[in-house]
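The lines below spell out each chain.
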Amino acid sequence: MRFHLIDRIDGWEPGKSLRASKFLALGEEYLADHFPKFPVMPGVLMLQACVEAAAWLWRVTTDFRHPVIVLRDVKSVKYGAFMQPGRRMDITVELTREDETTAAFMGKGATDAGEQTVATQFSLYGYALAERGPAGAAADSKLLEHWKARWVLLTGGLNAK
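Here, residues in each chain are numbered from 1, in the same order as that chain's written sequence. In view of the model being predicted, local features appear only for residues whose pLDDT reaches at least 70, and side-chain atom pairs are presented and counted only at 80 or more, with totals across whole chains, interfaces and linings using the full set of residues. With hydrogens and water excluded, all non-hydrogen atoms of the structure serve as input to the side-chain values.

Enquirer: Looking at this model, I keep getting lost on the sheet that holds strand β4 (residues 88-98). Mind explaining?
Expert: Picture the strands of a sheet paired through backbone hydrogen bonds; they go either parallel or antiparallel. Taken together, six strands build an open sheet; the order of strands is β1-β2-β4-β5-β6-β3 and the sheet is antiparallel. Pairing within the sheet leaves two strands with one partner each, and these edge strands are β1 (8-13) and β3 (68-79). Strand-to-strand, the axes of this sheet are offset by a mean angle of 20°, without reference to chain direction. Contacts are assigned to residue pairs that have any heavy atoms within 4.5 Å of one another. Between N-to-C directions, angles cover 0 to 180 degrees, with each direction set by a line fitted to C-alpha atoms, over the stretch in contact for helices. Going along the chain from the N terminus, every DSSP run of H or I of four or more residues is numbered as a helix, and every run of E of two or more is numbered as a strand. Lying over the sheet, helix α2 (residues 134-154) contacts β1, β2 (17-23) and β3, oriented at roughly 100° with respect to β1. For two strands to count as paired, DSSP must find a minimum of two bridges between them.

Right under this line is the structure:
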């Protein structure tokens, strides 16, 4: 399974914060096992939604400098309300510190009813594959093209006139 947990980016201020949404549908594959009689979004995927939102904030802040962005560490995570199908999770991330290859964030998720689902602090690591040779540079180019196209979709850029 491949997960894209951010369905829409609602607003952002480069270098500061980003707001995003995740619409949880009953048809999402992982809900069949988590749990069949009481389907809820797994906590680790709520955390991942915050990580994805932070990666988008860092991309737009650095003008897509890092083709690859990965989770480096999690300082803290606290779970709250269950995220059930048919609901929207609103995600907010704030950039708290950055240098050339790492960035630290605070993230929060809440249901569309305002109940907190997750609160976390974590850091991301960004790098390019180009230093691995020509194949790495080609992969970087494809990744950056993918991320920029996805950014347009998530931010509603296709609707712009």
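Enquirer: Sorry if this is basic, but what is going on with the side chain of S21 here?
Expert: With respect to the helices, strands and loops of the structure, S21 is situated in strand β2. A polar atom in the side chain of S21 sits 2.6 Å from the side chain of D10. Setting aside chain neighbours within four positions, we find S21 in contact with L5, I6, D7, R8, D10, R88, M89, D90 and I91. Counted as a polar contact is a pair of N or O atoms within 3.5 Å, where, for protein atoms, one must be capable of donating a hydrogen and the other of accepting one, and residues adjacent in sequence contribute only when both atoms are in side chains.

Enquirer: I keep staring at helix α1 (residues 43-61) and nothing clicks. Help me out?
Expert: Helical geometry: 3.6 residues make up each α-helical turn, so side chains three or four residues apart lie on a common side. Taking 1.5 Å per residue, 19 residues should reach 27 Å; α1 reaches 27 Å between its end C-alpha atoms and fits that length. Partly exposed describes any residue whose relative accessible area lies between the buried limit of under 20% and the exposed limit of over 50%, with all areas from a 1.4 Å probe on protein chains only and scaled to the type maximum. Summarising burial for α1: 15 of the 19 residues are buried, a large majority. The positive-phi residue at the C-terminal boundary of α1 is D63, with phi of around 55°. A helix is expected to span 1.5 Å for every residue after the first.

Enquirer: Honestly, a nonpolar patch on the surface in this entry has me stumped. Any pointers?
Expert: Where nonpolar side chains cluster on the molecular surface, the patch consists of L71, V74, V77 and Y79 and spans about 310 Å² of accessible area. Within the secondary structure layout, V77 lies in strand β3. In this structure V77 comes out as partly exposed when scored by relative accessible area, which is 36%. In this scheme, patches are assembled from residues that exceed 30% relative accessible area and form no salt bridge. Like charges are connected within 9 Å, while nonpolar side chains (Val, Leu, Ile, Met, Phe, Trp, Tyr) are connected within 5 Å. Residue-level accessible areas treat just the shown protein chains as cover; the underlying method is Shrake-Rupley with a 1.4 Å probe. Whenever Lys or Arg places a side-chain nitrogen within 4 Å of a carboxyl oxygen from Asp or Glu, that contact is recorded as a salt bridge.

Enquirer: Can you help me understand the packing of α1 against α2 in this one?
Expert: Each pair of packed helices can be summarised by the angle the axes make with each other and by the distance between the axes. With their axes 12 Å apart at the nearest point, α1 and α2 run at an angle of 110° to one another. Taken together, the axes of α1 and α2 lie roughly perpendicular to each other. Pair α1 / α2 crosses with left-handed handedness. Contact with α1, carried on its side by W56, R59 and V60, involves W147, R150, W151 and L154 of α2 and no other residues of that element. Residues of the contact of α1 with α2, tallied by class, amount to five nonpolar, no polar and two charged. Our angle categories are set so that under 35 degrees counts as roughly parallel, over 145 as roughly antiparallel, 65 to 115 as roughly perpendicular, and the remainder as oblique. Should the near helix be turned counterclockwise from the far one by less than a right angle, the crossing is left-handed, whereas a clockwise turn marks it as right-handed. Amino acids outside the nonpolar list (Ala, Val, Leu, Ile, Met, Phe, Trp, Tyr, Cys, Pro) and the charged list (Asp, Glu, Lys, Arg) are all regarded as polar, and Gly is one of them.

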